[in-house]
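# What the coordinates show
For reference, the chains in residue letters:
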Amino acid sequence: LHPEAAGTRATNELSDLWGENRVDLVVMSNFLHEIDPREWKDHFAATAKVLKDTGVLIVMEDQEPPIGELPTREGFNVLDLAAFRELFGQTTEVRKLVEDERLTAYEVPRRLLAEYDGSHLAEALRMTVVRAKRAMQAIREGQLGTPQSRGRRHAFYAMLYASAQMVVDGIPGA
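Per chain, the residues get numbers from 1 upward, laid out in the order the sequence is written. Only residues with pLDDT of at least 70 get local features here, since the model is predicted, and only at 80 or more are side-chain atom pairs given and counted; chain-wide, interface and lining totals rely on the full set of residues. The side-chain numbers reported here are obtained from all heavy atoms of the structure, hydrogens and water having been left aside.

## Thoughts on helix H2 (residues 40-50)
Trp40, Phe44, Thr47, Ala48 and Val50 are the residues of H2 that are buried. An end-on view of H2 places all buried positions within 165° of arc, on one side of the element. Two residues qualify as a contact provided that any one of their heavy atoms is within 4.5 Å of a heavy atom in the partner residue. Secondary structure elements follow DSSP: runs of H or I of four or more residues count as helices, runs of E of two or more count as strands, with numbering from the N terminus. Looking at the buried side of H2, the elements it contacts are strand E1 (23-29), strand E2 (51-62), helix H3 (81-87), helix H4 (110-115) and helix H5 (121-141). Only protein chains enter the area calculation, which uses a 1.4 Å probe; residues under 20% of their type maximum are buried, those over 50% are exposed, and those in between are partly exposed. Throughout, the arc means the angular range of directions from the helix axis out to the C-beta atoms.

Encoded structure:
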């Protein structure tokens, strides 16, 4: 859309959506893996603030980027459905919309975003460590795909393993 034609349908400022202008849906696409997981609480709170009471957040992530991706200063953390549910306290209210080998999309109701306190972050990341380790073991034992594709997948899971573990190590009392 062209900004001049968009009117109130598009904005670059979350504050434009507070109050009476709240929305039904926010989409975060390939976003959370770029953010320090200890900061997810702030992003979830800001999202809850712009959503209507019945609104939802859709979180989409590429589970296995086809090309290499460098981690941010805080790493590179991508959660699967089980870990994402754990993040919000093992709730089935986090719904799977898409989950295949590459793409995941989960729906999170506004209420869960507003109540998120980070208390399950360490356990969700521990689950990610276990998943990454199992994936690396399976890649090492299998012969599916080319050596290059196995190497790329192994590098991704090694980075995921290290990133998740390093965040857990930095959480006091974890």
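## Some points on the environment of glutamine 90
Tracing the sequence through the fold places glutamine 90 in the loop between H3 and strand E3 (95-99). Remark: the alpha-carbon pair of glutamine 90 and histidine 120, spanning 30 residues in sequence, is separated by 8.9 Å. Two N or O atoms count as a polar contact when they lie within 3.5 Å, although within protein this holds only if one can serve as hydrogen donor and the other as acceptor, and sequence-adjacent residues are included solely when both atoms are side-chain atoms. A polar contact of 3.1 Å, which involves the side chain of glutamine 90, links it to the side chain of glutamate 86.

## Here we look at the packing of aromatic side chains
Note on aromatic pairs: the rings of Phe, Tyr and Trp (six-membered ring only in Trp) are paired at centre separations within 6.5 Å, and the planes decide the class, stacked below 30 degrees, edge-to-face beyond 60, tilted for the rest. A full pass over the atoms with the stated rule returns seven aromatic pairs. Ring geometry for phenylalanine 44 and phenylalanine 88: centres 5.2 Å apart, planes at 45°, overall tilted. Of the two residues, phenylalanine 44 sits in helix H2 while phenylalanine 88 sits in the loop between H3 and E3, which places them 44 residues apart along the sequence. Relative to phenylalanine 156, the ring of phenylalanine 76 has its centre 5.6 Å away and its plane inclined at 85°; by these criteria the two rings are edge-to-face. Remark: phenylalanine 156 occurs in helix H6 (residues 147-169) and phenylalanine 76 occurs in the loop between E2 and H3; sequence separation between them is 80 residues. Taking relative accessible area as the criterion, phenylalanine 76 reaches 1% and is therefore assigned buried. Here the aromatic residues Phe44, Phe84, Phe88, Tyr106 and Tyr116 are joined through ring pairs into a cluster of three or more.

## Examining the nonpolar core
Nonpolar side chains in soluble globular proteins tend to be buried together. The definition of a nonpolar core used throughout is a set of buried Ala, Val, Leu, Ile, Met, Phe, Trp, Tyr and Cys residues joined through side-chain atoms within 4.5 Å. Counting residues in hydrophobic clusters, the biggest one holds 32 residues, and the most contacted among them are Phe44, Phe84, Leu87 and Phe88. Broken down by secondary-structure element, the contributors of at least two residues to this core are E1, H2, E2, H3, strand E4 (103-109), H4, H5 and H6. The element best represented in this core is H5, accounting for five residues.

## Section: the confidence of the model for the protein chain
Residue-level confidence of the predictor is what pLDDT reports, using numbers from 0 through 100. Chain-level statistics for the protein chain give a pLDDT mean of 86 and a share of 85% at 70 or above. Per-element confidence in the protein chain ranges from a low mean pLDDT of 45 for helix H1 (residues 3-6) to a high of 96 for H4. In this model, residues 1-6 is a region of pLDDT below 50 whose contacts with residues beyond four sequence positions or in other chains number two contacts.

## Some remarks on the environment of glycine 173
Tracing the backbone shows glycine 173 in the segment after H6. Take glycine 173: its relative accessible area is 84%, and that puts it in the exposed class. Along the chain, glycine 173 and alanine 122 lie 51 residues apart, while their C-alpha atoms are 9.4 Å from each other.

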